[in-house]
Amino acid sequence: MKMKRTILSAIIGAACLTCNSENPDSEKAFSYIPEIHGVVRARWEGEWTNRNDGFGSRFEVRNARINVGGKVFPTISYYVQFDACDQGKMKFLDAWGRWDFLPKWRIQAGQFRVPFGTDCFKGPGGYYFANRSFIGKYMVNMRQVGIKGGYYGKSGKIPADLEFGIFNTSSTSNHDVWQKSYTYAAKATCYVKDIAISGSFVSYKPHFTRINVADGSITWKYDRWLVEGEYQYKRYAGNDFGHVNAWNVYGVYTLPITTPTFNYLSFEGRFDGMTDHSSGISNTDGILPVDHPSRRRLTIGSTIGRIHKHLKAEITVNYEKYFYNKEVDATRGNSDKLLAEIIIKF
């Protein structure tokens with residue numbers, strides 16, 4: 001029993017590290033040698049639709065992500081990350097420098113995720129499901145160029161993280177645009193024993209309309225269980241487009257196993273959804289279109305894998321059931337589907 005609990009603790013600890021792989025804040029011993037990490041996700045998915053095209057399937061490399069990070073001085077660090085293949089396309093993701101100017105206080109500048117939300121900060125090496133939640137993918141899945149600073153004291157006398165950032169509102173594909181407005185974001189997370197409670201706010205202007213979004217989440221980790229719930233509320237300032245509600249609730253139960261190849265098995269369940277949503281880009285008539293229709297989704301799945309220090313290999317199988325309003329004709333890629341993935345993290 002003691003051996004099983006030791007293995008389980010290692011699995012949960014490694015999973016927590018991978019969940020934050022896009023914002024690595026863990027304390028490490030100082031070294032000038034850069035660290036190189038990455039993750040490869042190869043998948044098959046099959047989908048049923050009510051349209052004439054019927055059942056379809058495909059293979060794809062969902063991610064082939066590489067990151068390099070290190071320190072040039074004990075208090076100054078850097079990080080660069082890109083996707084060599086994201087469904088066949090190359091994407092530049094992150095490049096930042098950070099100065100830890102006081103214990104638990106730091107400032108960071110460059111391109112990275114704005115400090116907002118919870119599920120969107122999980123990296124592809126730490127997903128619990130093959131597909132991201134609607135909150136993590138559509139609502140505020142935002143990397144921007146800018147600066148942030150804050151207090152990071154999870155293990156200190158004040159067990160909380162507090163951060164605020166200012167960023168370009170223009171696309172990350174063009175850093176040469178002179179700004180007339182900015183993106184503002186703030187996030188606070190407090191830790192109480194096995195529970196983390198987070199609240200955040202972001203205001204941004206992707207086109208003509210400023211958008212304000214509030215987020216709240218609670219995460220509970222205990223023994224073999226992980227349960228998390230997150231809610232977001234989006235408003236479009238001065239526009240007739242209605243507000244958006246989005247939610248994500250999931251649970252994971254992980255147990256250690258002993259085989260020559262694998263050392264854990266987990267079972268996952270998730271219920272997420274969103275009301276009619278617009279990305280905030282107006283059409284030629286100056287109207288915000290519905291880019292993502294209202295929907296709900298139930299996901300069930302299981303994962304078998306092995307974790308050893310920073311190395312992880314796993315096989316994940318998911319089934320997704322979608323629920324739409326009667327008038328909605330779901331497009332290809334947004335209907336009931338079965339997915340199977342192989343994930344390698346190093």
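Criteria and thresholds
Per chain, residues are indexed from 1 in the order of the written sequence. Local features in a predicted model are, by the rule used here, given only for residues with pLDDT of at least 70; side-chain atom pairs are given and counted only at 80 or more, and totals for whole chains, interfaces and linings are based on all residues. Hydrogens are left out, water is left out, and the side-chain values use all remaining heavy atoms of the structure. To qualify as a helix, a DSSP run of H or I must reach at least 4 residues; to qualify as a strand, a run of E must reach at least 2; elements of each kind are numbered from the N terminus. The atom set for the radius of gyration is the C-alpha atoms, and the globule formula is 2.2 Å times the number of residues raised to the power 0.38. Using a 1.4 Å probe on the protein chains alone, a residue whose accessible area is under 20% of its type maximum counts as buried, one over 50% counts as exposed, and one in between counts as partly exposed. The term salt bridge refers to a pairing of a side-chain nitrogen on Lys or Arg with a carboxyl oxygen on Asp or Glu at a separation within 4 Å. The set of buried Ala, Val, Leu, Ile, Met, Phe, Trp, Tyr and Cys residues whose side-chain atoms join them within 4.5 Å is what this entry labels a nonpolar core. DSSP calls a pair of strands paired once it identifies at least 2 bridges connecting them. Two aromatic rings from Phe, Tyr or Trp, using only the six-membered ring of Trp, form a pair when their centres are within 6.5 Å; if the ring planes differ by under 30 degrees the pair is stacked, by over 60 it is edge-to-face, and anything between is tilted. In this scheme, the term charge over a ring applies when either NZ of a lysine or CZ of an arginine sits within 6 Å of the ring centre and within 35 degrees of the ring normal. Note on contacts: a residue pair is in contact if any heavy atoms of the two residues lie within 4.5 Å. Any pair of nitrogen or oxygen atoms within 3.5 Å is treated as a polar contact; in protein, a donor-acceptor pairing is required on top of that, and neighbouring residues in sequence qualify only through side-chain atoms on both sides. The predictor attaches a confidence to each residue, called pLDDT, with possible values from 0 through 100.

Moving on, we get to the overall build of the protein. Summing up its helical and strand segments, the protein has two helices and 16 strands in all. Over its C-alpha atoms the protein spans a radius of gyration of 20 Å, differing by no more than 12% from the 20 Å that the globule rule assigns to 346 residues. With the C-alpha coordinates aligned to their principal axes, the bounding extent of the protein is approximately 60 × 45 × 35 Å. By the burial criterion, 46% of the 346 residues in the protein qualify as buried.

Evaluated as defined, the whole model comprises 22 salt bridges. With its nearest N and O atoms 2.9 Å apart, the salt bridge here joins D83 to R65. Remark: R65 occurs in strand β2 (residues 56–73) and D83 occurs in strand β3 (residues 76–86); sequence separation between them is 18 residues. Taken as a pair, D83 and R65 share a single burial class, namely buried. Here E320 and R297 are joined by a salt bridge, their closest N and O atoms 3.8 Å apart. In this pair, E320 sits in strand β15 (residues 311–324) while R297 sits in strand β14 (residues 295–308), placing the two residues 23 residues apart along the sequence. An identical accessibility class is assigned to E320 and R297; each is buried.

All right, on to the nonpolar core then. Core analysis: the biggest nonpolar cluster contains 26 residues, and M139, V140, V202, Y204 and V213 have the highest contact counts within it. At the level of secondary structure, the elements contributing two or more residues to this core comprise α2 (134–139), β9 (195–204), β10 (211–222), β12 (244–256) and β15. Take this core: its biggest share by element is four residues, from α2. In this structure, Y128, L226, Y250 and V252 belong to the second largest nonpolar core, which totals five residues.

Attention now moves to the pairing of β10. Within a regular strand, side chains alternate between the sheet's two faces. Taken together, the 10 bridges between β9 and β10 define a ladder with antiparallel strand orientation. Following the sheet pairing, S198 is matched in β10 by S217. The hairpin formed by β9 and β10 contains six residues between the paired strands. As paired elements, β10 and strand β11 (residues 225–236) share 12 bridges and run antiparallel to each other. If you follow K221 over to β11, its bridge partner there is L226.

This part is about the pairing of strand β4 (residues 89–102). As judged from the nine bridges shared by β3 and β4, these two strands associate in the antiparallel manner. Bridge pairing in β4 places I76 opposite W99. Bridging between β4 and strand β5 (residues 105–113) involves six bridges; their strand directions are antiparallel. Looking at the pairing, A95 lines up with Q111 of β5. From the end of β4 to the start of β5, which pair antiparallel, there are two residues, and K104 there has a positive phi angle of about 75 degrees.

Considering all chains together, one arrives at 14 aromatic pairs under this definition. Look at Y79 and W96: their rings are 5.3 Å apart centre to centre, the planes differ by 25 degrees, and that puts the pair in the stacked class. Of this pair, Y79 sits in strand β3 while W96 is found in strand β4, placing the two residues 17 residues apart along the sequence. W96 matches Y79 in its accessibility class, with the two residues each being buried. Their ring planes at 35 degrees and their centres at 5.9 Å tell us that Y128 and Y250 sit as a pair that is tilted. Of this pair, Y128 sits in the loop between β5 and α2 while Y250 sits in strand β12, and the two are 122 residues apart along the sequence. Like Y250, Y128 is buried. Taken together, the aromatic side chains of F134, Y138, Y322 and Y324 make up a single cluster linked through ring pairs. One cation-aromatic arrangement involves R295 over F134; the distance from NZ or CZ to the ring centre is 5.2 Å.

This part covers the environment of N245. Mapped onto the fold, N245 is located in strand β12. With residues near it in sequence (within four places) discarded, N245 still touches Y231, Q232, Y233, G273, M274 and T275. In terms of polar contacts, N245 uses its side chain to reach the side chain of Y231, at 2.3 Å.

In this section: the confidence of the model for the protein. For the protein, per-residue confidence averages 90 on the pLDDT scale, and residues scoring 70 or more make up 90% of the total. Confidence drops under pLDDT 50 across residues 1–21; counting only partners more than four residues distant or on other chains, this segment forms 32 contacts. Low confidence marks residues 23–27, where pLDDT is under 50. Its contacts with residues over four positions away, or in another chain, come to 11 contacts.

The next subject is unusual backbone geometry. One non-glycine residue, K193, lies in the positive phi region at around 55 degrees. Tracing the chain through its elements places K193 in the loop between β8 (182–192) and β9. Although it is not a glycine, D223 sits at a positive phi angle of roughly 50 degrees. Structurally, D223 is set in the loop between β10 and β11.

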